[in-house]
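# Architecture at a glance
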Amino acid sequence: MDEKGRRFADDKKIIKFKDSDQNTEVEENAKHEQDKRLKDKNAKKLKRLLKKQKRKELRARKKFPDEDEIEEELSAQDAPQEKPEEQEVPDTHPEEEPAEDEKPAIENEPIHDAEGVPDDEDEEEEEEEEELPEKRPAFGHAKKEAPSNKKKLPVKRIIVVSIIVVILFAVVFAVFNSDKFSFHNISNFFKYGVFNQQGEENFPLDIKGERVNAGNFDVIGQDICYASDTKTKLLNNYGRSLFSEQHAFINPVLTVSENGALVYNLGGTGYQLINKEGKTFGFEAKDNLLTADYADNGYYALVTQSSGYLSKLYVYNEKDEQIFAYSFADYYVTSVTLNSSGTKAVVAGLSALNGSEISALYVLDFTQEKPLLIQEINNDILYQVKYLNDKYACAVGRSASYVLNTGKDGGLQTNSYEGRSLTAFDINDDTNTYTVSLSSSGDGRNCDILSYTASGEQSKSFSVDKKIINLSTYKGRVALLTGDSVMLYSKDGKAYSEKELNSDPHSVVMYTASDVYVLCTGYIDAVSL
C-alpha cells in the first residue's frame, strides 16, 4: 500500500474514533437532561399534593384565612431548596464538533423519561393539572362554588325577604301617616300639585281686607274653611281656592262637619249650607238665629228666638225637611249638638235665679215630645256643648267642664277648674276626647293643659309657662298657640317643636299629626311642626 492509501485508511480510522466519542457524550447529556426534567416533574407533583393536603386540612377545620396568608404559607413550604451548581463536564475534544448533518437528528429526537412517555405529553398533563380552581375566598366571604339550584335558593329568599320587609315598612309608614296619604290628599296632589301648577296660590295666603274671627276658622277634612265678614271660602291643602261664596251676613258664624259647612247670621235669619263639592244653598229661618249645628249625615239644627218662648229648636234632614221642633220656656239656648245619626240632640241653656246664673243641659229624642233628661248646673255659664260619641256629650263652661251621660239613667261628671281661668279648649269627636287650657296667673301665663276621656276622666296633663290663646288636638297630639309662636306637644307633655310666627295669631287648627293651619292678622299660613 502506498503512502497515499495508508493516509486515507488512517483518516478513516480517525473519523470512526471521533464519531464514537461524540455519540457517547450526547447520550450522557441527554440522560442528564432527562433526569433533571423528571426531578422537576416530581417536584411539581409533590407541590400540588402538598397544596391539596393543606386545603383539605383547612376545609376540615372550617377555617378560611386571608388569601395572602394561605399563599405565603404554601409558598414557604413549597419553596425549592438551593441546589449546588452542577459542574460542567469539560469537553475532551473542544476542537472537534459533530457534523452539521448529524445535529438535527439528535435535537429533533424526542426525549423519553424512564417510563417511556415523551416529555411533551407530560408537559400537557402538567398544564392540565395546574389548571386549579379559583383561589379560596378570604374568611367571612361567600364561598364560590359551581352554580346549582341549592346556591340560587338563598339568594332568591334574601330578595323575597327584602321585598317583604320594604312592603311592610311602607305599610306601617302609610298607616301612621294615613292622614297624609288619604284619597283626598292624593287627588289634590295630582289635580293641583302636578297638573295645575300655574296660578297656584302658596302659603302664606294673603287675606288682607277680610275680617275673620277665631271661631270662624276650621277644616273640612284637610281643607281650610273660613267665614269672613264678606264671604265663605274653601281652600285645599295646597292653598288653592275650591270655592268662594259671597254673603251679606253682619255677624257670620261657621260650623263644620264631614259633610260640609253651615254659615248663619247671628241675630238674623239668613243661613247657607255648603257641601264638599262647593255647592251653596241659601235659606231663611223662621226667626232670628241664636245658634246652629251641622251633623255628618247632613242633618242640621237651628235655634231661633220665638214669640211666647225664650228659644225654639228646629231640626232638618238632609233634604231640608223639618223633622223635629221644641220650644224652651225657661232657658235661652246658647249651644246645640246633634249625634252622628241625627236622632238626638243635646241643648245647653242659660237662665238666672236670684242674681246667679243657672245653666241646663237638655237631652232630646226626636221621636218623643218631652225631653229625655234635663240636667241643671248652678253658678256657671256653658260656652259650647258637643257629642263625644252617641252616649256622652261634653260641655265646656266658665268655671268647669262637664260630661253628660245622655242615656235614660243620666249622670254628670264635673271637672272643676279649681280657681284657674279658661284660656282655650278643643272638643274632638274623632278621638272622643276634649282638652282645656287653664291659667293659674292673672295674665294668662303658666297654663295647665288637661285632657279628658269620653267618660270625663282626666287622662293626660302637662304645664307650660306661656300664655295659650288657642289650641287644637289631633289624635295624641296638641298644638298650642301663643302670642308669637305655635308649639307641638304630645298630650302627656312631650315637646316636639316650636315655630315662630311673623304676625299676630288668632287661631290654630291641626289637620295632620304634625301640620297645622294658623289664622293670623292679614294672612293664613300652613306650618309643619
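Conventions used here
- Residues numbered from 1 in each chain as written.
- Predicted model: local features only at pLDDT ≥ 70, side-chain atom pairs only at ≥ 80, totals over all residues.
- Heavy atoms only, no water.
- Helix = DSSP H or I, 4+ residues; strand = E, 2+ residues; numbered from the N terminus.
- Buried < 20%, exposed > 50% of the residue type's maximum accessible area, 1.4 Å probe, protein only.
- Contact = heavy atoms within 4.5 Å.
- Areas by Shrake-Rupley, 256 points an atom, 1.4 Å probe, with all protein chains shown as cover.
- Pairing = 2+ DSSP bridges.
- Patch = residues over 30% accessible without salt bridge, like charges linked within 9 Å, V, L, I, M, F, W, Y side chains within 5 Å.
- Salt bridge = Lys/Arg side-chain N within 4 Å of Asp/Glu carboxyl O.
- Core = buried A, V, L, I, M, F, W, Y, C linked by side-chain atoms within 4.5 Å.
- Lys, Arg positive; Asp, Glu negative; His and termini not counted.
- Charge placed at Lys NZ, Arg CZ, Asp CG, Glu CD.
- Axes fitted to C-alpha atoms, helices over the stretch in contact; angles between N-to-C directions.
- Phe/Tyr/Trp six-rings, centres within 6.5 Å; stacked < 30°, edge-to-face > 60°.
- Polar contact = N/O pair within 3.5 Å; in protein donor to acceptor, adjacent residues only side chain to side chain.

A word on the overall build of the chain. The helix and strand tally for the chain stands at six helices and 32 strands. Out of the 529 residues belonging to the chain, those deemed buried represent 38%. When contacts within the chain are restricted to residue pairs at least 6 apart in sequence, those whose partners lie at least 24 apart make up 40%. Working note: accessible area of the chain is about 31,700 Å², and carbon and sulfur atoms make up 49% of it.

Pairing in this open sheet of four strands is antiparallel, and the strands run β1-β32-β31-β30 from one edge to the other. Either end of the sheet is taken by a strand with one partner, and the two such strands are β1 (205-206) and β30 (505-510).

Our focus in this paragraph is a nonpolar patch on the surface. On the surface, Val155, Ile159, Ile163, Ile167 and Val171 cluster together into a nonpolar patch covering about 440 Å² of accessible area. With respect to the helices, strands and loops of the structure, Ile163 is situated in helix α5 (residues 149-176).

Our next topic: the nonpolar core. Ranked by size, the top nonpolar core spans 20 residues in total, and within it Leu313, Phe324, Phe328, Leu338, Val347, Tyr362 and Leu364 carry the most contacts. Going through the elements one at a time, β11 (300-306), β12 (309-316), β13 (322-328), β14 (332-338), β15 (344-353) and β16 (356-365) are the ones with two or more residues in this core. In terms of residue count, β16 provides more of this core than any other element does, four residues in total.

A surface patch of like charges, here negative, comprises Glu258, Asp296, Asp429 and Asp430. Looking at the element boundaries, Asp296 is found in the loop between β10 (289-294) and β11. Owing to a relative accessible area of 36%, Asp296 belongs among the partly exposed residues under this scheme.

So, on to the sheet that holds strand β29 (residues 495-500). Pairing in this open sheet of four strands is antiparallel, and the strands run β26-β27-β28-β29 from one edge to the other. Looking at the sheet topology across the chains shown, the edges are occupied by β26 (470-474) and β29. For this sheet, the mean angle separating the axes of adjacent strands, direction not counted, is 15°. Of the pairings in the sheet, the one linking β26 to strand β27 (residues 477-481) comprises five bridges and is antiparallel in character. Each residue of the ladder has a partner; that of Tyr474, found in β27, is Arg477.

Here we take up unusual backbone geometry. Of note, Asn354 is a non-glycine position whose phi angle comes to about 55°, a positive value. Considering the arrangement of structural elements, one finds Asn354 in the loop between β15 and β16. Among the residues examined, Asn354 registers a relative accessible area of 77% and is labelled exposed. In the Ramachandran plot, Asn432 falls in the positive-phi region, its phi being about 60° despite a non-glycine side chain. Structurally, the position occupied by Asn432 is in the loop between β22 (421-428) and β23 (433-439).

Attention now moves to the packing of aromatic side chains. Under the criterion given, the structure shown has 13 aromatic pairs. Here the aromatic rings of Tyr300 and Tyr316 are separated by 5.1 Å at their centres, their planes lie at 20°, and the arrangement is stacked. On the criterion of sequence distance, the pair formed by Tyr300 in strand β11 and Tyr316 in strand β12 is long-range, its members being 16 residues apart. This pair shows no difference in class: Tyr300 is buried, exactly as Tyr316 is. Look at Tyr326 and Phe328: their rings are 4.9 Å apart centre to centre, the planes differ by 75°, and that puts the pair in the edge-to-face class.

A few words now on the pattern of salt bridges. Throughout the structure, instances matching the rule amount to seven salt bridges. For Glu418, the salt bridge goes to Arg420, with nearest N and O atoms at 3.8 Å. Overlapping salt bridges, with partners in common, bring together Glu418, Arg420 and Asp448 in one network.

Take His247: it is sitting in the loop between β5 (241-246) and β6 (252-256). Classification of His247 by relative accessible area gives buried; the value is 11%. Here Phe249 takes part through its backbone nitrogen, which lies 3.1 Å from a polar atom of the side chain of His247. When near neighbours in sequence (up to four residues on either side) are disregarded, His247 contacts Ser228, Asp229, Thr230, Lys231, Thr232, Pro252 and Gln272.

Pairing of strand β4 (residues 231-235) with β5 involves five bridges; the strand directions are antiparallel. The partner of Lys231 across the bridge, within β5, is Gln246. Counting the residues in the hairpin turn of β4 and β5 gives five residues, including Gly239, whose phi is positive at 85°.

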